[in-house]
Amino acid sequence: MYVILGLSGAGKTSIAFELEAYLVSRGIPAYGLDGDNIRCGLNKDLSFSKKDREENIRRVAEVARLFADSGQICLCSFVSPFAEDRRIHKESDLPFFEVFVDTPLAVCEQRDNKGLYLKARQGIIKGFTGIDQPYETPEHPELVLKTVDCTVEQSAMQVLSFFASLLCPVYIADFFYWPHSLFVSK
Ligand SMILES: Nc1ncnc2c1ncn2[C@@H]1O[C@H](COP(=O)(O)OS(=O)(=O)O)[C@@H](OP(=O)(O)O)[C@H]1O
Ligand SMILES: Nc1ncnc2c1ncn2[C@@H]1O[C@H](COP(=O)(O)OP(=O)(O)O)[C@@H](O)[C@H]1O
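Along each chain, residue indices are assigned from 1 in the same order as the chain's sequence is written. The lettering of chains begins at A and the numbering of ligands begins at 1, in the order of writing. In keeping with the model being predicted, local features are shown solely for residues with a pLDDT of at least 70 and side-chain atom pairs are shown and tallied solely at 80 or more, while totals for entire chains, interfaces and linings include all residues. Just so you know, side-chain values use all the structure's heavy atoms and leave hydrogens and water out.

Going by an unreviewed UniProt entry, the protein carries the name Adenylyl-sulfate kinase and comes from Acanthoscelides obtectus. UniProt positions are given in the numbering used here, feature names are shortened, and annotations may be inferred rather than shown by experiment. Under the heading Sequence similarities (unreviewed entry), UniProt records this for the protein: "Belongs to the APS kinase family." UniProt, in the comment section headed Pathway (unreviewed entry), describes the protein in these words: "Sulfur metabolism; hydrogen sulfide biosynthesis; sulfite from sulfate: step 2/3."

See the structure below:
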């Protein structure tokens, strides 16, 4: 299971979807769970209070466990701003990797794809991460991605390189260059 963390606008969704498409196109089952799809359905009863964010991450960890149990790589992309909540993933018995998308707040705010930062600055949205709620930076992520001056594809490739480093060397070339390659972990 990969947990992709960062501020709104950091690039989590773009990177996770790029990864999912890459893996699936090579015959490796993968699925992205994202704030955007989970909060529209399963977690649509949850707000962005500290308590509800904790419940959001708890449910996501349970769903991710089911995906992993079915043999899929689960790519969970969530803001998940509180270190305490992120422990849920770490304490599960699944292979787990934390990827921190380390995009500065100023850049996220400039991107503002959904117009949410503007609304948060205007006080229309309360409790927005990075504006009037804290973001606790992950302390020991397996991977840190800097997305400034870097394409989505390049960022996704950094995760794939990390992923490939966990595989037997004999399969690495196959994984990167041959479609529908076999996947064998160490
Ligand atoms: N108050 C507040 N704070 C942060 N984000 C907010 C908020 N309100 C709405 N949104 C939108 O919800 C997306 C984050 O949902 P998450 O489930 O990832 O959040 S959390 O993990 O429960 O903190 C996040 O999506 P991304 O932009 O993809 O990160 C926002 O679009
Ligand atoms: N290297 C990169 N990685 C990810 N996103 C990037 C990168 N460079 C620019 N972007 C852009 O930043 C925006 C990030 O939006 P999104 O993926 O929705 O972020 P998040 O899911 O963290 O809110 C997209 O418009 C994306 O094209």
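So much for the structure itself; the text now carries on.
What makes a disulfide is a covalent bond joining the sulfur atoms belonging to two cysteines. Whenever a pair of cysteine sulfur atoms sits within 2.5 Å, that pair is classed as a disulfide. Taken as a whole and assessed by the stated rule, the structure comprises 0 disulfides. The structure places no disulfide on C76, whose sulfur is separated from the nearest cysteine sulfur, that of C74, by 3.9 Å.

Proximity is defined per residue: if any heavy atom of the residue lies within 4 Å of a molecule or strand, that residue is considered near it. Close to ligand 2 lie 16 residues; G9, K12, T13, S14 and N113 are nearest. In the environment of ligand 2, an oxygen atom lies 3.2 Å from a nitrogen or oxygen atom belonging to the side chain of R111. In this structure, a nitrogen atom belonging to ligand 2 sits 3.1 Å away from a main-chain N or O atom of T151. Summarising the interface, the protein chains cover 79% of the accessible area of ligand 2, which totals 570 Å² for the free molecule. Both site types are read off a 1 Å grid over the protein atoms alone. A 1.4 Å probe that fits but cannot get out defines a cavity, while an open set with protein on both sides within 12 Å along at least five of seven lines defines a pocket; lining residues have an atom within 4 Å of a point. If over half the atoms of a molecule are within 2 Å of the grid points of a cavity or pocket, the molecule is regarded as sitting in it. The site holding ligand 2 turns out to be the largest pocket. Each helix corresponds to a stretch of at least 4 residues labelled H or I by DSSP, and each strand to a stretch of at least 2 residues labelled E; elements are numbered beginning at the N terminus. Among the secondary structure elements, those contributing two or more residues to the shell around ligand 2 are α1 (12-25) and α7 (152-164). The element contributing the most residues to the shell around ligand 2 is α1, with 4 residues. Residue polarity follows a fixed list, in which Ala, Val, Leu, Ile, Met, Phe, Trp, Tyr, Cys and Pro are nonpolar, Asp, Glu, Lys and Arg are charged, and the others, Gly among them, are polar. Taken together, the residues of the shell around ligand 2 break down into 5 nonpolar, 9 polar and 2 charged. Polar contacts, as counted here, are pairs of nitrogen or oxygen atoms within 3.5 Å of one another; within protein the pair requires one atom able to donate a hydrogen and one able to accept it, and residues that are adjacent in sequence qualify only if both atoms are side-chain atoms. For the accessible areas, the method is Shrake-Rupley and the probe is 1.4 Å, while residue cover comes only from the protein chains on display.

What follows is about α1. In an α-helix, one full turn covers 3.6 residues, which means residues spaced three or four apart are oriented alike. Expected span of a helix, by definition, is 1.5 Å for each gap between consecutive residues, and there is one gap fewer than residues. Over its 14 residues, α1 runs 20 Å from end to end, which matches the ideal 20 Å to within 8%, given 1.5 Å per residue. Restricting attention to buried positions, one finds in α1 the residues K12, I15, A16, L19, Y22 and L23. Viewed end-on, α1 has its buried residues packed into an arc of 130°, placing them on one side of the element. A positive backbone phi angle near 80° is found at G27, which sits one or two residues after α1. Classification of residues uses two cut-offs on accessible area relative to the type maximum, computed with a 1.4 Å probe and protein chains only: under 20% is buried, over 50% is exposed, and between them is partly exposed. Read the arc as the range of directions from the helix axis to the C-beta atoms.

Take the nonpolar core next. Core analysis: the largest hydrophobic core is formed by 43 residues, its most contacted members being Y2, L19, L33, I73, C76 and V159. Beyond its immediate chain neighbours, meaning those up to four positions away, L33 contacts I38, V60, V63, A64, F67, C74, L75, C76, S77 and F78. What we call a nonpolar core is a set of buried Ala, Val, Leu, Ile, Met, Phe, Trp, Tyr and Cys residues that are connected through their side-chain atoms within 4.5 Å. Any pair of residues with heavy atoms lying within 4.5 Å of one another is described as a contacting pair.

To continue, consider the packing of aromatic side chains. Only rings of Phe, Tyr and Trp enter the pairing, Trp through its six-membered ring, and a pair is recorded when the two centres are within 6.5 Å. The plane angle decides the type: under 30 degrees is stacked, over 60 is edge-to-face, the rest tilted. For the structure on display, the rule yields 6 aromatic pairs. When the centroid spacing of 5.5 Å and the interplanar angle of 75° are considered together, the rings of F97 and F162 count as edge-to-face. On the criterion of sequence distance, the pair formed by F97 in strand β4 (residues 97-101) and F162 in helix α7 is long-range, its members being 65 residues apart. By relative accessible area, which is 18% here, F97 ends up buried.

This paragraph deals with the layout of surface pockets. Grid points are joined across faces, edges and corners, and a volume is the space filled by probe spheres set on the points. By volume, the largest pocket amounts to about 830 Å³. Forming the boundary of the largest pocket are 40 residues, of which S8, G9, K12, V79 and K114 lie nearest the centre. Among the secondary structure elements, those contributing two or more residues to the lining of the largest pocket are α1, α2 (35-38), α3 (50-69), β3 (73-78), α5 (105-111), α6 (116-121) and α7. A total of 4 residues in the lining of the largest pocket trace back to one element, the largest contributor, which is α1.

Here we take up the sheet that holds strand β1 (residues 2-5). A pair of strands is treated as paired once DSSP finds two or more bridges between them. Strand order in the open sheet formed by 5 strands is β2-β3-β1-β4-β5, with parallel pairing between adjacent strands. Each edge of the sheet is formed by a strand with only one pairing partner; in this case those strands are β2 (30-34) and β5 (143-145). Taking each pair of neighbouring strands and ignoring which way they run, the sheet shows an average axis angle of 20°. The axes are straight lines fitted to the C-alpha atoms, using for helices just the contacting stretch, and the angles between their N-to-C directions are given from 0 to 180°. Across the sheet, α1 lies against β1, β2, β3, β4 and β5, angled at about 170° from β3, the strand it touches most. α3 rests against β2 and β3 of the sheet, and its axis sits at about 165° to β3.

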